[in-house]
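# Descriptive analysis of the structure
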Amino acid sequence: MALLPDGDPAPSDGALPASALAGLGARPFGLYVHVPFCAARCGYCDFNTYVPGEDGGERAGYLEAALAEVALARRVLGDGAPAAQTVFFGGGTPSLLDPGDLARLLEAVDAAFGLAPGAEVTLEANPESVDPLRLRALCQAGFTRISLGMQSAAPRVLAALDRRHAPGRPVAAAREAREAGFEHVNLDLIYGAPGESDADWEASLRAVLDAGADHVSAYALVVEPGTRLAARVRRGELAAPEDDVLAHRYRMADELLCGAGLPWYEISNWAAGEAARSRHNLGYWRSGDWWGVGPGAHSHVGGVRWWNVLHPRAYAERLATGASPAAGRELLSDAERRTERLMLELRLREGLALDELDPPARAALTAQARAGRLELRDGRATLTLDGRLMADAVARELTA
Ligand SMILES: C[S@@+](CC[C@H](N)C(=O)[O-])C[C@H]1O[C@@H](n2cnc3c(N)ncnc32)[C@H](O)[C@@H]1O
Ligand code: SF4
């Protein structure tokens, strides 16, 4: 289940050191809004989310608390706060909330910070919790991008993953989203689930392309400790994904998606051109600033990272007394920020700038390039396809 890192205590008023506020606006700035509710918990998922009937699953109180945190964010960041270039409602299942409530939250962000011209506003949605009417209302409220959890087109894979939607529903929802006026549509896929064949995976990829999505995220299934999936794997009922199968499926995805005009721009993300890339997620990978609103949400501003209490009731209680919902925080040293930046930028196709590396990292980089895992061009280093398959190991070499 979702856990929080250790760290230092966070101040109860949420205040940030002057060093973190310096340079605000020079880096990308966005807001993440975590909606911690789902209709049912999928067997593989360990995100901070609650279902009806479970302690924490009551939605009353969430909206007021999240609105209070937006106001707190504005107070803490002060008059130097930049307009939001991106807003991302993630979950959980944000599409379970009433479109009117989502619109109120977005209006509150706009009133507090302003939305930069052309701001990207994303909603994460489950295919079964949207319909043409709701999608139109969301577009009218200012949402520009939708990210639908498809996972697979194969019925037996959806069953192994405990997904509730009918196999064709995500593709239909993607088309409805386009018709409703969403500029950008992403579909999330998972590969390597128990019982998935190469043919199932290929069918999922082809279904995504047929749906007219301009962005695809494809994740290798992770068997997270404490989930129903982990218990079933432990009991021998389901097989854990095998590394060589995962590598083969990744190569299939890259070949098919790149061939269809969606080149990769981050290890797990492919998009039909620059405008279709997730600017919000690029902000994370480029070490930008973002404020995470909601239970368990994480934030980062100028080298200070903090995270909110997980439980929706504890979260709402803190905000009701005017206190910050942060459970802990961490002030990164310059060296830690450099290491983190390197690890994140390595994931991107735009790669690492060679002139930002110290001599030991450059030496390790040359060795990785000789081994065929990195490509050096125009003063930058980018992972090759082989390198992408072992990105964590490459990052370890560069930061050792
Ligand atoms: C946390 S979900 C939130 C969005 C939405 N509720 C949904 O399920 O589509 C975001 C994405 O994370 C991915 N994900 C969640 N748990 C995962 C796991 N254990 N292994 C791989 N991908 C996972 C899924 O592709 C999912 O669409
Ligand atoms: S719907 Fe999404 S967030 Fe909810 S349990 Fe399933 S994968 Fe996790």
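Structure: above.
Everything quoted here is computed from the prediction, not taken from an experiment. (Residues numbered from 1 in each chain as written. Chains lettered and ligands numbered in written order. Predicted model: local features only at pLDDT ≥ 70, side-chain atom pairs only at ≥ 80, totals over all residues. Heavy atoms only, no water.)

### Examining the overall build of the protein chain
In terms of helices and strands, the protein chain carries 15 helices and 15 strands. Its C-alpha atoms give the protein chain a radius of gyration of 21 Å, within 12% of the compact-globule value 21 Å for 400 residues. By principal-axis analysis of the C-alpha atoms, the protein chain measures approximately 55 × 55 × 45 Å. For the protein chain, the residues scored as buried account for 53% of the 400 residues in total. Counting every atom, the protein chain has about 17100 Å² of accessible surface; 52% of that belongs to carbon and sulfur. A gap of 1 Å separates the mean positions of the 41 positive and 54 negative side-chain charges of the protein chain. (Helix = DSSP H or I, 4+ residues; strand = E, 2+ residues; numbered from the N terminus. Rg over C-alpha atoms; globule rule 2.2 N^0.38 Å. Buried < 20%, exposed > 50% of the residue type's maximum accessible area, 1.4 Å probe, protein only. Areas by Shrake-Rupley, 256 points an atom, 1.4 Å probe, with all protein chains shown as cover. Lys, Arg positive; Asp, Glu negative; His and termini not counted. Charge placed at Lys NZ, Arg CZ, Asp CG, Glu CD.)

### A word on the side chain of His-280
Among the secondary structure elements, His-280 is positioned in helix H10 (residues 279-285). We classify His-280 as buried; its relative accessible area is 3%. Of note is the side chain of His-280, whose polar atom sits 2.7 Å from the side chain of Tyr-284. In this structure His-280 touches Gly-30, Leu-31, Tyr-32, Thr-86, Val-87, Phe-88 and Glu-120, once residues within four positions along its chain are discounted. (Polar contact = N/O pair within 3.5 Å; in protein donor to acceptor, adjacent residues only side chain to side chain. Contact = heavy atoms within 4.5 Å.)

### Observations concerning the site of ligand 1
With respect to spatial proximity, 17 residues lie near ligand 1, and among them Gly-92, Asn-126, Gln-151, Arg-163 and Asp-188 are the closest. Here an oxygen atom of ligand 1 and a side-chain polar atom of Gln-151 are 2.7 Å apart. Look at ligand 1: alone it shows 540 Å² of surface, and the protein chains cover 91% of it. Secondary structure elements with two or more residues in the shell around ligand 1: strand S4 (145-151), strand S5 (184-191) and strand S6 (215-220). (Near = heavy atom within 4 Å.)

### Points about the sheet that holds strand S14 (residues 374-377)
Strands sit in the order S13-S15-S14 across an open sheet of three strands; the sheet is antiparallel. Every interior strand has two partners, whereas the edge strands, strand S13 (352-353) and S14, have only one. Relative to strand S15 (residues 380-383), S13 runs antiparallel, the two sharing two bridges. Across the sheet, residue Ala-353 finds its bridge partner in S15, namely Arg-380. Across the sheet, helix H13 (residues 359-370) lies against S13, S14 and S15, angled at about 110° from S14, the strand it touches most. (Pairing = 2+ DSSP bridges. Axes fitted to C-alpha atoms, helices over the stretch in contact; angles between N-to-C directions.)

### Some remarks on the site of ligand 2
Around ligand 2, a shell composed of Cys-38, Ala-40, Arg-41, Cys-42, Tyr-44, Cys-45, Gly-92, Thr-93, Asn-126 and Arg-163 is seen. Looking at the shell around ligand 2, its residues break down into five nonpolar, three polar and two charged. (Nonpolar A, V, L, I, M, F, W, Y, C, P; charged D, E, K, R; others polar.)

Any functional reading would require information beyond the geometric quantities listed.
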